[in-house]
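# Inside the fold
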Amino acid sequence: MRDIVLGLLKNEGKITEVQYQASLAEPIVTRTPQSRSEENYAMGLVRRELDAILEEEDIRLGGLVVHTTLDLDLQNATLDAINKHMDALEARKDFKKHLASLQAKREKRGILKNKLTTKAEYEASLAAWKALPAEQKEKTQPPMPNYIQSAAVVMDNATGALLAVVGGRDAEESKLNRAIQSRRQTGSLFKPFIYATFFQQGNSADTRISDDRIAYGEIRGAANWSPRNSDGTYRGMKPASFGLILSRNTMSVRIGNRAGLSNVIQSAQLAGFHGNISRTPALYLGTWEASPLDIASAYSVFANGGVRPTPYIIDHITDSQGQPRFAITKSKRTVYSQRAANITSSILQQVCKPGGTAGKITTLGFKSPCGGKTGTTNNYTNAWFAGYTSNLTCSVWVGFDSSTKILEKGYGGTLALPVWVDIMLAAQKEGYPANAIRTRPGSEGQAVLVCRESNQLAHSGCQYAKTAYFETSAGYQAPANMCEQHIPMAEPDSEESIPYAEPLDGSDDNIPLAEPVEETDGIPYATPI
């Protein structure tokens, strides 16, 4: 291309023969475009979707322009918020002491690989390894990143468009996209879906539920189980809303018991939960694993009057002349009635006010209408916060890639919530207002993904079997249930035992680093035009 341009310049008399020859003799120096590493996490998802959309011939011919839904300013702000708070966590004396203690225990047990470090310590070790002579490098392995991580997803409530996807603190140091590839237990983050199922059956926020100790044999399917409240107190009969606002374990389990385990599972699947399922009452306390993308899409139902839009990251694809080649078929599905979703949303908004488990949102600086829920798992191995405004839903996860204790009393409200606040404040500056939260579904015409064999809502197994299609008929009444004729790509595992509800002693940091798992559901494919 350079030589062609030079030839044209010479033929037009713009340069002389001497200048032409001298320019031809100069070596061509290329520069790698500078891009921030967080774009790689989002672009990794884009590339994965393109692999499903495009044929080999399309890729070979090239010339296509991919239009994504990403807001790069919000993407950058999301990574900045993550690194700001993770750097601050690593600088804390109690965290440094905890990290040193964990590492000492690992070394005592003979675990010498993948040393637990701070990000700065890892980068110093990597720099030292890179400085070694070539012959020494060949004999040693480079250090692997094993520091505290965080991931976040920001989604547009009305459409499902993914505006930010950050899968870790540095994509150049770790390719694992935790936003979509890592599924971790959700803890109390799952409770709103239990309550929404309960409200779907005609119950109200004022329905009285006991907060007392659970008697053995009281809960169906768990005769010898008596989960406890994390604070060790029991407060008698209370309205159902009290149990969700203060995340009471005994009330939530009783709510789930009344709603029915199969009903809770079915509604959660409609909301976007998939993968490994704990088909025991332990599910009521958040044993179901999910990715930040799963959580963001599921929580959008509470901002949309019970309707979940399918998340997507590729909007459309054009050729080099701007002519359309592929377009996304947007879809949605009803998960809960407006009544059930709105009751749950009203309670989740109280969760974010003083007295709720996320009550310090206002003191952190976010004063607009919002709803959300914290989540903390056994032994403080995962810290979550998922929340929404009128326009956006955002989920944040904090933890190690191995199932390692983050910190004593490392709650979602202290570790993940501040990250969420900074992301949402940045979103407001970028022009995403937070007004009164929607109480009825958006009016955009969208399709419904259906299995043509079972005539039920399609999932990953239907897509794999090539039986899924988009139903776009006017006035179509969408089915209420997920297809049971096909098996989802990620098959459920059975639970042999039910864990306690409150943090346990000891550390499980000997569990291997998390490996990517295949995303199996949720993001629609583009269709040729």
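By convention here, each chain's residues receive numbers from 1 onward along its written sequence. Totals for whole chains, interfaces and linings use all residues, but because this is a predicted model, local features are given only for residues with pLDDT of at least 70 and pairs of side-chain atoms are given and counted only at 80 or more. Based on all heavy atoms of the structure, the side-chain values leave hydrogens and waters out of the count.

On a plain count of helices and strands, the chain comes out with 18 helices and 17 strands. Of the contacts formed within the chain by residues at least 6 apart in sequence, a portion of 74% connects residues at least 24 apart. Per-residue accessibility takes into account occlusion by the displayed protein chains alone, with areas from the Shrake-Rupley method and a 1.4 Å probe. Carbon together with sulfur atoms contributes 50% to the accessible area of the chain, which is approximately 24,100 Å² in total. Numbering of helices and strands starts at the N terminus; helices are DSSP runs of H or I of at least 4 residues and strands are runs of E of at least 2. Whether two residues are in contact is decided by their heavy atoms: any pair within 4.5 Å suffices.

This next bit is on the nonpolar core. Within the largest apolar cluster, 118 residues are counted, with the highest numbers of intra-cluster contacts made by Ile361 and Trp420. The residues touching isoleucine 361, leaving out its near neighbours within four places in the chain, are Cys352, Phe366, Cys370, Phe385, Leu417, Trp420 and Val421. For our purposes a nonpolar core is just a set of buried Ala, Val, Leu, Ile, Met, Phe, Trp, Tyr and Cys residues, chained together by side-chain atoms within 4.5 Å. Residue exposure (1.4 Å probe, protein chains only): buried if accessible area is under 20% of the type maximum, exposed if over 50%, otherwise partly exposed.

On to the packing of aromatic side chains. Whether two aromatic rings pair depends on their centres lying within 6.5 Å, for rings of Phe, Tyr and Trp, where Trp uses its six-membered ring; planes under 30 degrees apart make the pair stacked, over 60 edge-to-face, and the rest tilted. Enumeration according to the criterion identifies 16 aromatic pairs in this entry. Centroid distance tyrosine 380 to tyrosine 411: 5.4 Å. Interplanar angle 85°. Geometry classified as edge-to-face. Separated by 31 residues along the polypeptide, tyrosine 380 in the loop between strand 12 (371-376) and strand 13 (383-388) and tyrosine 411 in the loop between strand 14 (392-399) and helix 16 (412-415) bring together distant segments of the chain. The buried category is assigned to tyrosine 380, whose relative accessible area is 7%. A relative accessible area of 38% places tyrosine 411 in the partly exposed class.

On to the pattern of salt bridges. Salt bridge, as used here: a side-chain nitrogen of Lys or Arg that lies within 4 Å of a carboxyl oxygen of Asp or Glu. In total, this model carries 15 salt bridges according to the counting rule given. Across the salt bridge formed by aspartate 170 and lysine 119, the nearest N and O atoms sit 3.6 Å from each other. Here lysine 119 lies in helix 7 (residues 119-130) and aspartate 170 lies in the loop between strand 3 (162-166) and strand 4 (184-185), a separation of 51 residues in the sequence. Per residue, the accessibility class of aspartate 170 equals that of lysine 119, and both read buried. Arginine 235 serves as the salt-bridge partner of aspartate 231, at 3.4 Å between the closest nitrogen and oxygen. Here arginine 235 falls in the partly exposed class, since its relative accessible area comes to 40%. Residues participating in the shared-partner salt-bridge network are Lys119, Glu123, Asp170 and Glu173.

For the rest of this paragraph, the subject is the sheet that holds strand 14. Here, strands pair whenever DSSP counts at least two bridges between them. One open sheet holds the five strands; their spatial order is 3-2-14-13-12, and the pairing between them is antiparallel. Edge positions in the sheet fall to strand 3 and strand 12, since each has one partner strand and no second. Here the average twist between neighbouring strands, direction ignored, is 5°. Bridge count for strand 2 (residues 149-156) against strand 14 is eight bridges, and the pairing is antiparallel. Residue valine 154 lies in a different strand from strand 14, and its bridge partner there is cysteine 394. Think of each axis as a best-fit line through the C-alpha atoms, taken over the contacting stretch in the case of a helix, with angles from 0 to 180 degrees between the N-to-C directions.

In this section: the side chain of asparagine 157. Summarising the element assignment, asparagine 157 is placed in the loop between strand 2 and strand 3. We classify asparagine 157 as buried; its relative accessible area is 1%. Pairing of N or O atoms within 3.5 Å defines a polar contact, subject to two protein rules: one partner must be a possible hydrogen donor and the other a possible acceptor, and residues neighboring in sequence count only if both atoms are side-chain atoms. A distance of 2.5 Å separates polar atoms of two side chains, one belonging to asparagine 157 and the other to threonine 393. Not counting the four nearest positions on each side in its chain, asparagine 157 is found in contact with Ser300, Ala303, Asn304, Pro309, Thr389, Ser390, Asn391, Leu392, Thr393 and Arg438.

Here we take up the packing of helix 9 (residues 191-200) against helix 14 (residues 338-351). In a packed pair of helices, the relevant descriptors are the angle between the two axes and the axis-to-axis distance. Between helix 9 and helix 14, the shortest axis-to-axis distance is 8 Å and the interhelical angle comes to 140°. Looking at the two axes, helix 9 sits oblique to helix 14. Two packed elements cross with a definite hand, and for helix 9 against helix 14 that hand is right-handed. Of the residues in helix 14, those in contact with Pro192, Tyr195, Ala196, Phe199 and Gln200 of helix 9 are Arg339, Ala340, Ile343, Thr344, Ile347 and Leu348. Put simply, Ala, Val, Leu, Ile, Met, Phe, Trp, Tyr, Cys and Pro go in the nonpolar bin, Asp, Glu, Lys and Arg in the charged bin, and everything else, Gly too, in the polar bin. Each residue belonging to the contact of helix 9 with helix 14 can be placed in one class, and the counts come to eight nonpolar, two polar and one charged. We call two directions roughly parallel when the angle between them is under 35 degrees, roughly antiparallel when it is over 145, roughly perpendicular when it lies between 65 and 115, and oblique otherwise. For any helix crossing, the convention is left-handed if the near helix is rotated counterclockwise from the far helix by under a right angle, and right-handed if that rotation is clockwise.

For the rest of this paragraph, the subject is the pairing of strand 3. The element strand 3 is largely enclosed, with a buried count of five among its five residues. If you look at the hairpin formed by strand 2 and strand 3, you'll find five residues sitting between the two strands, and glycine 160 has a positive phi there, around 90°.

Closest axis-to-axis distance for the helix 9/helix 11 (residues 249-259) pair is 9 Å, and the angle between their directions is 45°. With respect to helix 11, the axis of helix 9 lies oblique. Note that helix 9 runs across helix 11; the crossing there is left-handed. Counted together, Lys191, Ile194, Tyr195, Thr197 and Phe198 of helix 9 and Asn249, Met251, Ser252, Ile255, Gly256, Arg258 and Ala259 of helix 11 form the full contact between these two elements. In terms of residue class, the contact of helix 9 with helix 11 is built from six nonpolar, four polar and two charged.

Turning our eyes to something else, we now look at the environment of valine 307. Within the secondary structure, valine 307 sits in strand 8 (residues 307-309). What makes valine 307 buried here is its relative accessible area of 9%.

Moving on, we come to unusual backbone geometry. Peptide bonds are mostly trans, and most non-glycine residues show a negative phi. Within the chain, asparagine 379 stands out as a residue other than glycine whose phi angle is a positive 60°. Under the relative-accessibility criterion, asparagine 379 is labelled buried at 4%. If you check the backbone angles, lysine 409 has positive phi at about 60° while not being a glycine. Note on placement: lysine 409 falls in the loop between strand 14 and helix 16.

On average, the chain scores 84 in pLDDT, and the residues at 70 or more come to 84%. Confidence drops under a pLDDT of 50 for residues 30-38, and excluding neighbours within four residues, the segment shows 13 contacts in the predicted structure. Confidence per residue, as judged by the predictor, is encoded in pLDDT with a range of 0 to 100. Every residue in residues 490-526 is under pLDDT 50, and counting partners more than four places away or in other chains gives 110 contacts.

In this fold, alanine 151 is placed in strand 2. Classification of alanine 151 as buried rests on a relative accessible area of 0%. When residues no more than four places from it in sequence are discounted, the contact partners of alanine 151 are Ile82, Val166, Gly167, Arg178, Ala179, Pro292, Ser395, Val396 and Trp397.

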